[in-house]
Amino acid sequence: MRFIDVLTHKKSFTTPPMWMMRQAGRYLPEYRKIRQNHPDFMHFCFSSDDVVEVTLQPLRRFPLDAAIIFSDILVIPHALGQRVWFEPDHGPKLETVNFNALLKKADTISLKNALAPVADAIAKTRAFLDQTKALIGFAGAPWTLLTYMISNGKTADFNTVLGFAQENATLFKQLQAMMEEKVIDLLCMHIEAGCDAVQIFESWAKVVPAHLRNAYLYEPLKRIVKAVHLRHFNTPIIYYGRGVSGDYTQLIDLNIAFGVDETANMSVLRSHMPTTVLQGNFSPELLLQGDNEQFKSTIKSMLEANQGAPYIFNLGHGINKDTPIAHVEQMIDLIQCFSGDNF
Ligand code: CP3
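Residues numbered from 1 in each chain as written. Predicted model: local features only at pLDDT ≥ 70, side-chain atom pairs only at ≥ 80, totals over all residues. Heavy atoms only, no water.

So, the side chain of Asp261
Condition: Numbered from the N terminus, helices here are DSSP runs of H or I no shorter than four residues, and strands are runs of E no shorter than two. Each residue gets one of three labels from its accessible area relative to the maximum for its type: buried under 20%, exposed over 50%, partly exposed in between, using a 1.4 Å probe on protein chains only. In this tally Asp and Glu are treated as negative and Lys and Arg as positive; neither His nor the chain ends contributes. Here, a salt bridge means any side-chain nitrogen of Lys or Arg that lies within 4 Å of a carboxyl oxygen of Asp or Glu. Working rule for contacts: check all heavy atoms of both residues, and any pair within 4.5 Å makes them a contact.
Along the chain, Asp261 falls in the loop between strand 7 (257-260) and helix 13 (266-272). Summary of buried charges: Asp261 has no salt-bridge partner, and the nearest side chain of opposite charge, Arg242, is 6.0 Å away. Sequence-distant contacts of Asp261, defined by excluding residues within four places in its chain, comprise Tyr240, Gly241, Arg242, Gly243, Val244, Asn281 and Gly316.

Comments concerning helix 8 (residues 116-128)
Counting along an α-helix, one turn takes 3.6 residues, and residues three or four places apart therefore face a common direction. Which entries qualify depends on this criterion: In a helix, the anticipated span is given by 1.5 Å times the number of residues less one. Regarding the arc, it is the one traced by the directions from the helix axis to the C-beta atoms.
Between its terminal C-alpha atoms helix 8 stretches 19 Å, which fits the 18 Å expected from 13 residues at 1.5 Å a residue. Buried residues of helix 8: Val118, Ala121, Ile122, Thr125 and Arg126, and no others. Mapping the buried residues of helix 8 onto a view down its axis gives an arc of 130°, with all of them on the same face. Seen from the buried face of helix 8, the exposed residues on the opposite side, beyond 90 degrees, are Ala127 and Phe128. Of the surrounding elements, those touching the buried residues of helix 8 are helix 3 (41-45), helix 4 (48-61), strand 4 (134-140) and helix 11 (169-193).

Looking at the nonpolar core
Here is a general trend for soluble globular proteins: nonpolar side chains tend to be buried in one another's company. Threshold: Residues grouped as a nonpolar core are buried Ala, Val, Leu, Ile, Met, Phe, Trp, Tyr and Cys residues, joined through side-chain atoms within 4.5 Å.
Core analysis: the largest hydrophobic core is formed by 129 residues, its most contacted members being Phe3, Phe282, Phe313 and Met331. Looking at this core element by element, the count peaks at 13 residues for helix 11. With residues up to four places along the chain from it excluded, the contact list for Phe313 reads Pro16, Pro17, Met18, Trp19, Gly280, Phe282, Ile299, Met302, Leu303, Met331 and Ile335.

Some remarks on the site of the ligand
Note the cut-off: We call a residue near a given molecule or strand whenever any one of its heavy atoms falls within 4 Å of it. Pairs of N or O atoms are called polar contacts if they sit within 3.5 Å, as long as, within protein, a hydrogen donor faces a hydrogen acceptor (for residues adjacent in sequence, only side-chain-to-side-chain pairs). Here the accessible surface of atoms and residues is derived via Shrake-Rupley with a 1.4 Å probe, and residues count as covered only by protein chains that are part of the display. Following the grouping adopted for this structure description, the nonpolar residues are Ala, Val, Leu, Ile, Met, Phe, Trp, Tyr, Cys and Pro, the charged ones are Asp, Glu, Lys and Arg, and the polar ones are all others, Gly among them.
Around the ligand sit 20 residues in total, of which Arg26, Tyr31, Arg35, Asp72 and Ser203 are the nearest. Gln23 places a main-chain nitrogen or oxygen 3.2 Å from an oxygen atom of the ligand. Within the side chain of Asp72, one N or O atom sits 2.6 Å away from a nitrogen atom of the ligand. Burial of the ligand by the surrounding chains reaches 88%, relative to a free accessible area of 870 Å². Looking at the shell around the ligand, its residues break down into 12 nonpolar, 4 polar and 4 charged.

A few points about the side chain of Thr125
Within the secondary structure, Thr125 is located in helix 8. A distance of 2.6 Å separates the side chain of Thr125 from the backbone oxygen of Ala121, its partner in a polar contact.

Some details on the domain arrangement of the chain
Formally: Throughout, the edges of the domains are those of an automatic or database domain assignment. When two parts are brought into contact, each loses some accessible area as probed by a 1.4 Å sphere; the total of that loss over both is the buried area.
Considered domain by domain, the chain is made up of domain 1 (1-15 + 243-343) and domain 2 (24-59 + 69-205). Once you take the C-alpha centre of each, domain 1 and domain 2 turn out to be 25 Å apart. Taking both sides of the interface into account, the surface hidden between domain 1 and domain 2 amounts to around 1,000 Å²; carbon and sulfur atoms contribute 73%. Counting across the interface, domain 1 meets domain 2 through 0 salt bridges. Between the two partners, domain 1 and domain 2, sit 1 residue pair in polar contact (both at pLDDT 80 or more). Within the residue set of the side of domain 1 that touches domain 2, elements represented by two or more residues are helix 1 (2-7) and helix 16 (325-339). For the side of domain 1 that touches domain 2, the leading source of residues is helix 1, giving 4 residues. Looking at the side of domain 1 that touches domain 2, its residues break down into 8 nonpolar, 3 polar and 2 charged.

So, the packing of helix 9 (residues 142-150) against helix 11
Rule in force here: The angle between two axes is taken between their N-to-C directions and runs from 0 to 180 degrees, where each axis is a line fitted to C-alpha atoms and a helix contributes only its stretch in contact. Between 65 and 115 degrees an angle is taken as roughly perpendicular, under 35 as roughly parallel, over 145 as roughly antiparallel, and anywhere else as oblique. The crossing is said to be left-handed when, going from far helix to near helix, the turn is anticlockwise and less than a right angle, and right-handed when the turn is clockwise.
Contact geometry of helix 9 with helix 11 gives a least axis separation of 9 Å together with a crossing angle of 120°. Judged by the angle between their axes, helix 9 and helix 11 are oblique. In the packing of helix 9 onto helix 11, the handedness of the crossing is right-handed. Residues Pro142, Trp143, Leu145, Leu146, Met149 and Ile150 of helix 9 lie in contact with helix 11, whose contacting residues are Phe172, Leu175, Gln176, Met179, Glu180 and Val183.

Observations regarding the packing of aromatic side chains
Note the following rule: Any two of the Phe, Tyr and Trp rings considered here, Trp counted by its six-membered ring, make a pair once their centres fall within 6.5 Å; the pair's planes then place it as stacked at under 30 degrees, edge-to-face at over 60, or tilted in between. In this scheme, Lys NZ or Arg CZ marks a charge over a ring once it lies within 6 Å of the ring centre and within 35 degrees of the ring normal.
Evaluated as defined, the whole model comprises 19 aromatic pairs. With a centroid separation of 6.5 Å and an interplanar angle of 70°, the aromatic rings of Phe164 and Phe172 are classed as edge-to-face. According to the relative accessible area criterion, Phe164 is buried, its value standing at 17%. Taken together, Tyr31, Phe41, Phe44, Phe70 and Phe86 form an aromatic cluster joined through their ring pairs. The cationic tip of Arg83 hangs over the ring face of Trp85; the distance from NZ or CZ to the ring centre is 4.2 Å. Above the face of the Trp204 ring, Arg242 is positioned so that its terminal group lies 5.7 Å from the ring centre.

Written as structure tokens, this is what we have:
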């Protein structure tokens, strides 16, 4: 598997392995068709056969090197008993809960039982997927999950979350520790069910003030990586910390790969991390606009910045739902053309 070979430093390729964050989603008509049968998004996430189908859909269209299991980071709060739902064209909504009560109950909840349909979908997907293609599992990181849980999904409202963390310091610490355990359990469950690599999404990393980043982001990350690697030494881990790639040099020793968002300068980052596996960072907005001079020159300079280094092509963030399929095809053609392996 090209994707795993790069993640494990076994081989490098002139044409980098590629996949796209949110590659299974609404920009695909075949996804929208299946989505229509599931008014309740969380119910969709637990319908194994449809999960297998939508996970495989992007790989039928594009020569991608990895599938990511179709699920959501919010399956953890859902499994803990906090109701999660989606209204059309709104972000997620989470019900208000008593966090002391949630903590008490959390120990008794086994993610393995609560999320059995996810494991089932992973095993089936792995069985259907070509042996040269990798299957990626994932989880949200504790901070990002807690922002959704504490603000009822209103993620713009970070002051509420930071305020909660300060005013309820003990409770917040207990919640962080509990979520850390659940994230470890979920990542291990994904690996045990058949995922070849896992990605940790810290989508709201940037809002954490610098002096709190160790406590809220990096110490939990280090413990999660250690715990997962203790059980699954060979499984690669990718950390996607949106807006904090400037801190990645401090995390090199973790022996993981890093997802890079579209705001980062790839060549500067690469010069600081010459041998680390980097993934990213094509702008989803450029992809939405399609083939133009900037589109071409950005792809070219990303490939140049990573020449000879361990690199996975990806977007800097999830693909926009209005992205034309032709633009994805143009992007892939350009990658293949500029890197010149296939040709
Ligand atoms: O293809 C894939 O990437 C796999 C599936 C996947 C989904 N969500 C499916 C999904 C993954 C890896 C996620 C991760 C996720 N979910 C993150 C981290 C990545 C990021 O975007 O920063 C976050 C923050 C969430 C929480 C979440 N779930 C939000 C904010 C939304 C609404 C987004 C929107 O575009 O409306 C979701 C819903 C969701 N999760 C959709 C998909 C395909 C769209 C729902 C739909 O079909 O209506």
